[in-house]
Amino acid sequence: MSLHRHTPDADIYFLSNRENSPRTLRIVFRVKNLVPELWRAESGDTRQLAYHQTPQGVEVQLPFEANDAFFVVFRAAAAHSLGLAAQPVPAELMKVSGPWQVQFQSGRGAPERSTFAHLRDLSTCEDAGIKFFSGTASYSTTISLPAQSASSGRKRALDLGVVHELAAVYLDGRLLGTVWHAPFRVNLPPDLKGGAHALEIRVDNLWVNRLIGDKQPGATAVAFAPQSPYAANSPLMPSGLIGPVRILRE
């Protein structure tokens, strides 16, 4: 889907990927001799895009994550017909493999805490309290970052992989950001030093699995809903931090 707005200073396009999978599109915008910029509303990040001037307009190759959305803005005159601003390609710097200490919100039927050797969908766990858990689960581990030269200028980011449904990311007790859509990714501070750091990821999921858990034979009700369409044999939804969690670098 796309929307276009023209102002005295710029041409602004809003684009969204309505597919539940990544895709890359080659798009020609009906503007001439202007530089395309990608703007992300949720973070305020902006960057120039690689482009090519064609007789029909400015051609840009745009990678979309699943259900991704952003703005493409044209406001500066192009110096050349072929843009030289290469799009940054993130490379995997390291995997965050755990183990993970997982603390569950109290009063929701789950144990107070559990240790996960590897990340997994909560709905596949054998423990019924975790399997049907709904609420906030806090995943903690220690990561050891390699040193990076302050002059390198390369941005680093923490990519959470698959998340259901929302995550707040803390490093050494400092909130780095909250993410609610793919790519579930937050930037690391540019002045972050190498060495050991405490990572905590607080994940909120949906009520569905708990409503299904309350319908199990002999279960003690935890949730309340005036009307629930779910039965004991209703399919569970994916839940929690599934990953993989990685450190990426441009």
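Preceding this paragraph is the structure being described.
Below, the structure is looked at part by part.

Basis of the calculations
- Residues numbered from 1 in each chain as written.
- Predicted model: local features only at pLDDT ≥ 70, side-chain atom pairs only at ≥ 80, totals over all residues.
- Heavy atoms only, no water.
- Phe/Tyr/Trp six-rings, centres within 6.5 Å; stacked < 30°, edge-to-face > 60°.
- Helix = DSSP H or I, 4+ residues; strand = E, 2+ residues; numbered from the N terminus.
- Buried < 20%, exposed > 50% of the residue type's maximum accessible area, 1.4 Å probe, protein only.
- Core = buried A, V, L, I, M, F, W, Y, C linked by side-chain atoms within 4.5 Å.
- Salt bridge = Lys/Arg side-chain N within 4 Å of Asp/Glu carboxyl O.
- Pairing = 2+ DSSP bridges.
- Axes fitted to C-alpha atoms, helices over the stretch in contact; angles between N-to-C directions.
- 1 Å grid on protein atoms, 1.4 Å probe; cavity = no way out; pocket = protein on both sides within 12 Å on 5 of 7 lines; lining within 4 Å.
- Points joined across faces, edges and corners; volume = space filled by probe spheres on them.
- Nonpolar A, V, L, I, M, F, W, Y, C, P; charged D, E, K, R; others polar.

## Let's talk about the packing of aromatic side chains
This structure, assessed with the given rule, holds eight aromatic pairs. Ring geometry for Phe-104 and Phe-133: centres 5.0 Å apart, planes at 70°, overall edge-to-face. A residue pair is termed long-range when its members are at least 10 positions apart, and Phe-104 in strand S10 (residues 100-104) and Phe-133 in the loop between helix H1 (128-131) and strand S12 (136-145) qualify at 29 residues. For Phe-104, a relative accessible area of 4% gives the class buried. What links up through ring pairs into an aromatic cluster is the set Tyr-13, Phe-29 and Phe-74.

## Notes on the nonpolar core
Among the nonpolar cores identified, the biggest contains 32 residues, and Trp-100, Tyr-139, Leu-158, Leu-160 and Leu-241 are the most heavily contacted of them. Of all the secondary structure elements, the ones that give two or more residues to this core are strand S9 (91-96), S10, S12, strand S15 (166-171), strand S18 (195-204) and strand S20 (245-249). Formed by 17 residues, the second largest nonpolar core is a distinct cluster that contains Val-35, Leu-38, Phe-70 and Val-72.

## Let's talk about the pattern of salt bridges
This structure, assessed with the given rule, holds twelve salt bridges. Put simply, Asp-68 and Arg-40 hold a salt bridge, and the shortest N to O gap is 3.1 Å. Of the two residues, Asp-68 sits in the loop between strand S7 (57-64) and strand S8 (69-77) while Arg-40 sits in the loop between strand S4 (34-39) and strand S5 (46-48), which places them 28 residues apart along the sequence. For the residue pair Asp-68 and Arg-40, the accessibility class agrees, reading buried in each case. The salt bridge involving Asp-159 is made with Arg-185; its shortest N-O contact spans 2.8 Å. A residue pair is termed long-range when its members are at least 10 positions apart, and Asp-159 in strand S13 (residues 156-159) and Arg-185 in strand S17 (residues 185-187) qualify at 26 residues. The network of salt bridges with shared partners includes Glu-92, Lys-95, Asp-159, Arg-185 and Arg-246.

## Some words on the sheet that holds S18
The strand order across the open sheet formed by six strands is S11-S10-S12-S18-S15-S16, and the pairing between neighbours is antiparallel. Edge positions in the open sheet fall to strand S11 (113-116) and strand S16 (174-179), since each of these has one partner strand only. Here the strands of the sheet are splayed against their neighbours by 20° on average, with no regard to which way each runs.

## Observations regarding the sheet that holds S7
Spatial strand order, S3-S7-S6: three strands in an open sheet with antiparallel pairing. Bordering the open sheet on either side are strand S3 (23-29) and strand S6 (52-54), each of which pairs with just one other strand. Neighbour to neighbour, the strand axes of the sheet diverge by 30° on average, direction disregarded. Pairing analysis gives seven bridges linking S3 to S7, with the strands arranged antiparallel. Its bridge partner being in S7, Val-28 is matched across the sheet by Glu-59.

## Some remarks on empty space enclosed by the protein
Taken as a whole and judged by the stated rule, the model has one cavity of 30 Å³ or more. For the largest cavity, the calculated volume is near 40 Å³. Together, Glu-165, Asn-205, Leu-206, Val-208, Asn-209, Met-237, Pro-238 and Ser-239 line the largest cavity. Tallied by class, residues from the lining of the largest cavity come to four nonpolar, three polar and one charged.

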